[in-house]
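Here's the letter readout for the chains.
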Amino acid sequence: MDRAFFVTTPIYYISGNPHIGHAYTTIAADVLVRTARAAGPAYSLTGTDEHGQKVANAAAAAGKTPQQYVDELAPRWRSLAPTFNAKFDDFIRTTDPRHVKACVAVFEQLRATGDIYLGTYEGWYCTNDETFWPESKLIDGRCPNPECRRAVDWLSEEDWFFKLSAYRDRLIAYFKEHRGFVRPPAVWNEMMATLEGGLDDLSISRTSFDWGIPLPGGVMYVWFDALLNYITATGWHDDPELFARVWPAGVQLIGKEIARFHTIIWPAMLWALGLEPPRLVYAHGWILSDGQKMSKSLGNVFDPFALAETYGADSIRYFLLREAPFGSDFTVSEEKLRTRHNSDLGNDLGNLLRRSLAMLMRYRNGLVPPAAESQLGERFADLGSTVLERVTNLQFREALDAIWELVTALNREIEEEKPWALHKAGLGDRLDAVLYDLCEGLRWLALLLYPFMPVKCAEMWRQLGLPGTPERLWTEELHWGALAANTQTDPGDALFPRIE
Ligand code: ME8
C-alpha cells in the first residue's frame, strides 16, 4: 500500500473549553494535509488528552467522576475541527480502549527491555503543568513556567522510570545530523542546549491518584500516555498495515511550549520501542492576548466557536495563516480579523469572482469563451509547485503571498484591459481572451486556495460551473487552458460579505 504523509496535532487537554490557539494548530494541520493531498496520499490525526491529576481535580470540583467529566467535554473538543472545516482521518481520546491497551503493551515491552525500571522518586511537581521540576529551576519555590508560577508539591513515591538518560548521546548525535528535525531553528537550539545540560531518567508512574492508565502500583504519567497517542491511534499495537503506511510521521505540529516532550522524550521513547522518530517536529508560535500567550489557565481567550460564527470559518483559517509566519507569535484582534476579511477576501478575491462572472454573463451569457494565448499561463506555470513546496515547508504565509500574486494579476488585468471598453469597441477576440484568463485564473485560485478555504473554494468552483469539488491532483489540473470552452458559469452570492 502507498505510504501516506502523516500529520498530527497535539492532543488537547480536555479540561476547560477550546480557544482560538487550539484552532490554530488544528487549522494549520488541515491546510498542510489538504495541500499534501494535492500531490499524493496523506493521513491526519488529532484528539484529546484525558488523563492526569488536572482532569481528576477538575472532575472532583465539578462533583463528577473523571469518566463522566471527560465524556461530557469530549463532544465539544471533537467539534473544534469540523467547526473550522478541518477534516481529520482519526480522532483519538486517551480514554479509548484501543489507546489504553496499546499503552499497557508499551509498558510491558519496555519493562522487558529494561528501558522501564522500578525506582524511588522524590521531587517537585507542578500539577497544573503535569511536570516535574528540579529544585534549581524553581523560581521563588514556585513553578518556573511564566504562565503558571503556581506552588509546586513535593512528591516522594516508588515509581516506574523510563531510562531517558541512556538516550542523551544518541539524541545529541541525531540533532546534529538532522538539523531539520526540529524547527524553527530557535527551538532546535533551545532543545540542543537542554540536552547538553544533561538528562535525568523520567518518572512515568503516579501513585497519589488513580485517573490514568493502570500500571502495577499506580497509573501512567499523563505525558507518557499522551505522547503514545500518535502510535496507538495508528495501529502500532493492532493494525500493522496502517502503521507501516503512516509511521514515521511526516510532520508533528505543536506549540513551542511542549517542544521538550516532543523532541527529547518522544524520540527516546520511539527508539526504545525500535521505531523511528518523526521526520519533523514543528513548534509554531503563540497567539498572544494582552501581551501573553493565550491560555486556558490565564483565561485571556477568544472563543473559537463565536469567532467562526461571526467571520465564517474559512475567513478565520485564512487570517490565522496569513497574519504571521508560522514560527512567530502574533496577536489576534477583531479589528485585524475584519480588515483581512474585508480587504483581502472581500475586495481582492470575492470581488474578482463577482466582477468576472458578471462580465461573462453580460457579454457571453455566462459561457466560458475558447482558450487563447495567455501570458499568465507562462508567468504562473510554477505556482502549483511553489505553493506545494512552501506549505509542506510550513511556510503558509509565504504560500499565500505567492497565490496572491495571481489574485493581483487578475485584478490588474481587469483594470488594464477594461473588458467593458473592449466590448464597446467591438474587440470580441480580445474580450474573449481576457474573460477566459479571468475564469481560468479563478479556477486556479479555487484549486490552490482550497486547502486554506475549502468551503469558499468549493462554492467558487460551483459558480465557475465545474463539477465536484476543487480537491484534485494539482499536477493534473494546473495547466493553463484546461478550463473547457462553453462551460456554463453560475454566479451566486458574494463569497465574503462585508463585515462592518
Ligand atoms: O499541551 N497559541 O495540551 P493543551 C498557539 N495535552 N497555539 C496554542 C495556544 C496559543 N496561545 N494555546 C494552545 C497539551 N495552543 C497536551 C499535549 S500532545 C501529546 C499533549 C495549541 O490543551 C498548541 O498546539 O495545553 C499547543 O501546543 C497546544 O494547543 C496545547 O494544548
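Heads up: the structure comes first, above all this text.
Residues numbered from 1 in each chain as written. Predicted model: local features only at pLDDT ≥ 70, side-chain atom pairs only at ≥ 80, totals over all residues. Heavy atoms only, no water.

*Asks:* Go over the overall build of the protein with me, naming the residues and quoting the values.
*Replies:* Summing up its helical and strand segments, the protein has 21 helices and 16 strands in all. Relative to a compact globule of 500 residues, whose C-alpha radius of gyration would be 23 Å, the protein shows 26 Å and is just as compact. Dimensions of the protein along its principal axes, counting C-alpha atoms only, are 90 × 45 × 40 Å. When burial is assessed residue by residue, the protein has 58% of its 500 residues classed as buried. Here the analysis covers contacts within the protein between residues at least 6 apart in sequence; of these, 78% occur between residues at least 24 apart. For the protein, the computed accessible surface area is about 20200 Å², with 49% contributed by carbon and sulfur atoms. One finds the centroid of the 50 positive side-chain charges in the protein at a distance of 3 Å from the centroid of its 66 negative side-chain charges. (Helix = DSSP H or I, 4+ residues; strand = E, 2+ residues; numbered from the N terminus. Rg over C-alpha atoms; globule rule 2.2 N^0.38 Å. Buried < 20%, exposed > 50% of the residue type's maximum accessible area, 1.4 Å probe, protein only. Contact = heavy atoms within 4.5 Å. Areas by Shrake-Rupley, 256 points an atom, 1.4 Å probe, with all protein chains shown as cover. Lys, Arg positive; Asp, Glu negative; His and termini not counted. Charge placed at Lys NZ, Arg CZ, Asp CG, Glu CD.)

*Asks:* Break down the site of the ligand for me, citing the residues and quoting the values.
*Replies:* Taken together, 26 residues sit near the ligand, with Ile11, Thr25, Asp49, Glu257 and Ile287 positioned nearest. Within the backbone of isoleucine 287, an N or O atom sits 2.8 Å from a nitrogen atom of the ligand. For the ligand, the accessible surface in isolation is 670 Å², of which the surrounding protein chains cover 96%. Sorting the residues of the shell around the ligand by element identifies strand 1 (5-13), helix 1 (20-37), helix 8 (222-227) and helix 9 (229-232) as the ones contributing at least two each. Among the residues making up the shell around the ligand, the classes are represented as 13 nonpolar, nine polar and four charged. (Near = heavy atom within 4 Å. Polar contact = N/O pair within 3.5 Å; in protein donor to acceptor, adjacent residues only side chain to side chain. Nonpolar A, V, L, I, M, F, W, Y, C, P; charged D, E, K, R; others polar.)

*Asks:* So what about the sheet that holds strand 12 (residues 251-255)? Which residues, and what values?
*Replies:* Pairing is parallel across the open sheet formed by six strands, whose spatial order is 3-2-1-12-13-7. Of all strands in the sheet, those bounded by a partner on one side alone are strand 3 (90-93) and strand 7 (182-183). For strand 2 (residues 42-49) and strand 3, the ladder comprises four bridges, and the chain directions are parallel. What sits directly across from leucine 45, in strand 3, is aspartate 90. (Pairing = 2+ DSSP bridges.)

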